[in-house]
Amino acid sequence: MEENWEKYKQKIMGLGDESFKKSYYPELQTKITELESVNSNLQTIFDSTSDGIVIHDKFGKILSINRKASEMLNINKEKVHDFSIADFFSKDINFTELYTIWEDVLKGKTFSIESAINQHDTQKKFFVHLAMNRAFWYGKDVIVAILSDFTQRIKYENELIIAKSKAEESDRLKTEFLRNISHEIRTPMNGIIGFANLVNRPDISEKDRGNFISIILKSGNRLMRIIDDILEISKLGAKQVDVNETDVNIFDLLTELFSIYLEKAQERGIELLLKKETGYKKCRIYTDRQKLTRIISNLLENAIRFTHEGYVEIGCGLKNNLVEIYIKDTGIGVELDKQKIIFERFSQAEKGLTRKIGGLGLGLAIARESALLLGGDIRLESEADEGSTFFVILPYKPVISDYQIEAMKQVEVAKKEKYTILVVEDEDENYFYIETLFKIKLKHPYQILHVENGLEAVEICKVNPEIDFVLMDLKMPILDGYEAAEKIKEIRPNLPIIAQSAYASKDNKAHAAIAGCNDFIAKPISLETFSKIIEKYLAE
Amino acid sequence: MIENYDIELEMRKFISPEFVFGIDSRFKAANFCKKLGARKIFLATDSRILKTFWFVEILTSLQKIGLEYTIFSAISPNPRDFEVMAGSEIYKQEKCNLILAVGGGSVVDCAKGVGIVVSNLQHIRNFEGVDMFTNPIPPMVCVPSTAGASSDVSQFAIINNFEGKYKMVLISKALVPDVSILDPLVLTTKDSYLTACNGMNALSHAIEAYVSSAASEFNNLHALEAIRLINNNFVQCLSDLNNLQFRAKMMLASLYAGLAFSNASLGCVHSMSHSLGGFLDLSHGECNAILLPHVVDFNFSSASYKYRKIAEVLNLNTLNSNDSEVKQKLINYLLNLKEKVNIKTSLKTKGVSSDLIPTLASNAINDPCNATNPRPPKRKDLETIFTQAM
């Protein structure tokens, strides 16, 4: 103590910094503590809000920002003083207008604007809703700006706009399609109904009648094609199309189509050429014959249709381990900007085209979607008025093993004086049609037994050993064709059973094969298919 | 007239509370409490004051303006630390927010102690020393009743450490009350012994502050005027206890002495008197009266020109006297005054035995009042002074 007197003396005289006269009271102290806690809570709220908050002095210099604003603007909280509000607006903003708003806010008005903001350094652009208010902060007039980021909203809006215009385009195409389809259906229907009315009149000559009937047939076929197209595209759309890959010789297929379309081309006065390219012999691959035929027919038909003079050339080759089939024409060509559209559904390069040339605008869409389904694609090289070349590209899956192997067992019908044929068919019309087909195609003496369901078929086979040949519908009441076939095969393993069904899917065929059917024909049965079956089993 | 002496140029400061002086100013107490934001007043006083008519008048004035209060009167002379703690409990229990101290030094010091504890929430013993607490005490209004202690204007609080048997000195600018209301009328209820002790206390304040090594010109002004007033009115006042002029002049003297010692602090009279009061629970004023002449003897050589000035103010003939003669005249004056005011005791008659002296000196040497004594004392010096005062 004795040594510290000087220190004590100084303290008592009270000139040190820590010496205080009572100038505030405990209650004030309590209030200060309360205010400090309120302030700290406010700071927490300030930093927790999902909106950015920026406090500026009246000249726009930034005084403080919250955590979100620090993220948004990419500036460190400690460095805010180096920045001003103007640093974050894009250069093209109207600064005069901003200045006016700023002045008004300083006068006490509340403003809220939407603007683009550039992030510091990264210059990443985003959109904010900017609400500005005047406030008083640590003894200064300040402007508090609250920034809500709606960049994401703008992105969604843009996506919606695109989606909307797509939907509208699609709607427009569908409306157009419906207009087309009614025109397309009406035309053959007029032919069918009109001439069907005329054909029975007694006052027309045999020659005219013959003409009328051929018009009716042509119109019917045309109608069938339209329906096929529509069904095909809807199946493609619903992804319900099965790919049925078999051994296909592409060159043979082209040759076949060439012979079919040759006449048509000649009618239109243009040349149709089939080109043999090197490697064509290798063009035996596994693919879906029916779909490929359809694709090429479609392209060929178009080529012939849109070519007024010159030639159409088809050919195939192997390139880069891909099979490339081309259909080249000297026709009207397709403008560059339309080259994509023509592969979309319900579209033709020119709207006016429909009236002149006809067609649903589905052909190319079906062709392309089918090609995609086969693992390939269709490519187009064309210039307006310079002709077009369509390339059908297919994966090269060469046939290596014995392509003769068939899933179905081959049986033969023993030669007889008179064949007994069992037709199992529940629909009268269909039976009548089959009966007619036999009448036309089978020259050998025969008799037909008709039953209407699977059970009857089994019963009759049990009791009648004379039956030589069965034509079995698959979908029937009581007992379906598959079970019936199975049961019949138990009794007569060597009796040929030919399944016939409107559902010619791979599954159905396989099912039929497992049930013991020896062949499968799709409904409606074409005369050609029927001939083949007759030739195979019942020919003399 | 040309000044023939130099003034103090070292930095000094002077603090004082707001104070009101005059007859019936006691009725102002309620208004000041209200102005300072009182919701509930902690009214500190003692059993003597409780019985006075003017205390009731103060209560009435509080009631009149609708101020709530709680009275705490369990305060003894030489107030004890446990009394402070008990008062603090009541303050907190009653949710008081302002202190009104009505009484002498004991009451005011105890109230200050309560203020420290309720703001700093620790035992009062933790705050012994200079500037030992951080939170200011609640608003505080004083109505002093003794014209001696002047704790109502000072930065001091003296609390008895009951177990340690010594007086703790607590000093802080934050202990200066907010308002002091000096009404001479309240002094008329004091008896002559108390009046004598108070007067001697005030005189020792004035003399110790004047010779203090922390003295300043403004302290000197107050200290000398206090000495002059006491010299002219003390004895007369004792012979006419109801004379308001004498009472008022003694009150003014006490106020001036208080302002002087609050800012300049004290010396060995007080360090030794605190030790005595703490150990033997003796009257502070009486102890001062006994010790003062002996401390003057000890200090004189270290501040002879100041003691000479005091002698001049006391109208002692110093013109042709050397220092030693002035010292003796001054000591004689003090001894004589003590007799005149009827304090005829010595330390021995107060029960101090010589074997206690080492303990008393040990306690006294730790007292902060030594810091400003003109002659820095050693423990041995204090022992000698105690022995002389026997």
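Report follows, based on the coordinates. All values reported here derive from a predicted model rather than from experimental measurement.

Calculation notes
- Residues numbered from 1 in each chain as written.
- Chains lettered and ligands numbered in written order.
- Predicted model: local features only at pLDDT ≥ 70, side-chain atom pairs only at ≥ 80, totals over all residues.
- Pairing = 2+ DSSP bridges.
- Helix = DSSP H or I, 4+ residues; strand = E, 2+ residues; numbered from the N terminus.
- Axes fitted to C-alpha atoms, helices over the stretch in contact; angles between N-to-C directions.
- Contact = placed C-beta atoms within 7 Å.
- Buried ≥ 20, exposed ≤ 12 C-beta atoms within 10 Å, placed from the backbone.
- Arc of directions from axis to C-beta.
- Left-handed = near helix turned anticlockwise from the far one by under 90°.
- Nonpolar A, V, L, I, M, F, W, Y, C, P; charged D, E, K, R; others polar.

Observations concerning the sheet that holds strand β7 (residues 271-276) of chain A
All names here are of chain A.
1) Next: Read from one edge to the other, the open sheet built from five strands follows the order β7-β9-β10-β12-β11, with strand pairing classed as mixed. Strands at the two margins of the open sheet, each flanked by one partner only, are β7 and β11 (377-382). Taken pair by pair, the neighbouring strands of this sheet meet at an average axis angle of 15 degrees, ignoring direction.
2) Next: By the bridge criterion, seven bridges tie strand β10 (residues 322-329) to strand β12 (residues 388-395) in an arrangement that is antiparallel. The residue of β12 that forms the bridge with Val323 is Leu394.
3) Next: The sheet contacts of helix α7 (residues 250-267) involve β7, β9 (311-319) and β10, and relative to β7 the element is tilted by about 165 degrees.
4) Next: Each of β9, β10 and β12 is contacted by helix α8 (residues 289-306), which is oriented at about 20 degrees to β10, the strand it contacts most.

Observations regarding helix α13 (residues 481-491) of chain A
Helical periodicity: at 3.6 residues per turn, an α-helix aligns residues three or four positions apart in one direction.
1) Next: For α13 of chain A, the full list of buried residues reads Gly481, Tyr482, Ala484, Ala485 and Ile488 of chain A. Angularly, the buried residues of α13 of chain A cover 160 degrees about the axis, an arc narrow enough to put them on a single face.

Overview of the sheet that holds strand β13 (residues 419-424) of chain A
Residue and element names in this part refer to chain A.
1) Next: In space, the five strands of this open sheet follow the order β14-β13-β15-β16-β17, with parallel pairing throughout. Edge positions in the open sheet fall to β14 (446-451) and β17 (519-522), since each of these has one partner strand only. On average, adjacent strands in this sheet sit at an angle of 20 degrees to one another, irrespective of strand direction.
2) Next: Relative to β17, strand β16 (residues 497-501) is paired through four bridges, and the arrangement is parallel. Bridge assignment links Ala499 to a residue of β17, and that residue is Phe520.
3) Next: Along the sheet, helix α15 (residues 527-538) makes contact with β13, β15 (467-473), β16 and β17, crossing β17 at roughly 160 degrees.

Some points on the packing of helix α6 (residues 192-211) of chain B against helix α11 (residues 304-313) of chain B
All names here are of chain B.
1) Next: It is the contact of α6 with α11, at a shortest axis distance of 9 Å, that shows an interaxial angle of 145 degrees. Note on packing geometry: the crossing formed by α6 with α11 is right-handed. Seen from α6, the contacting residues are Ile207, Tyr210 and Val211; seen from α11, they are Lys306, Tyr307 and Ile310.
2) Next: Residue composition of the contact of α6 with α11, by class: five nonpolar, no polar and one charged.

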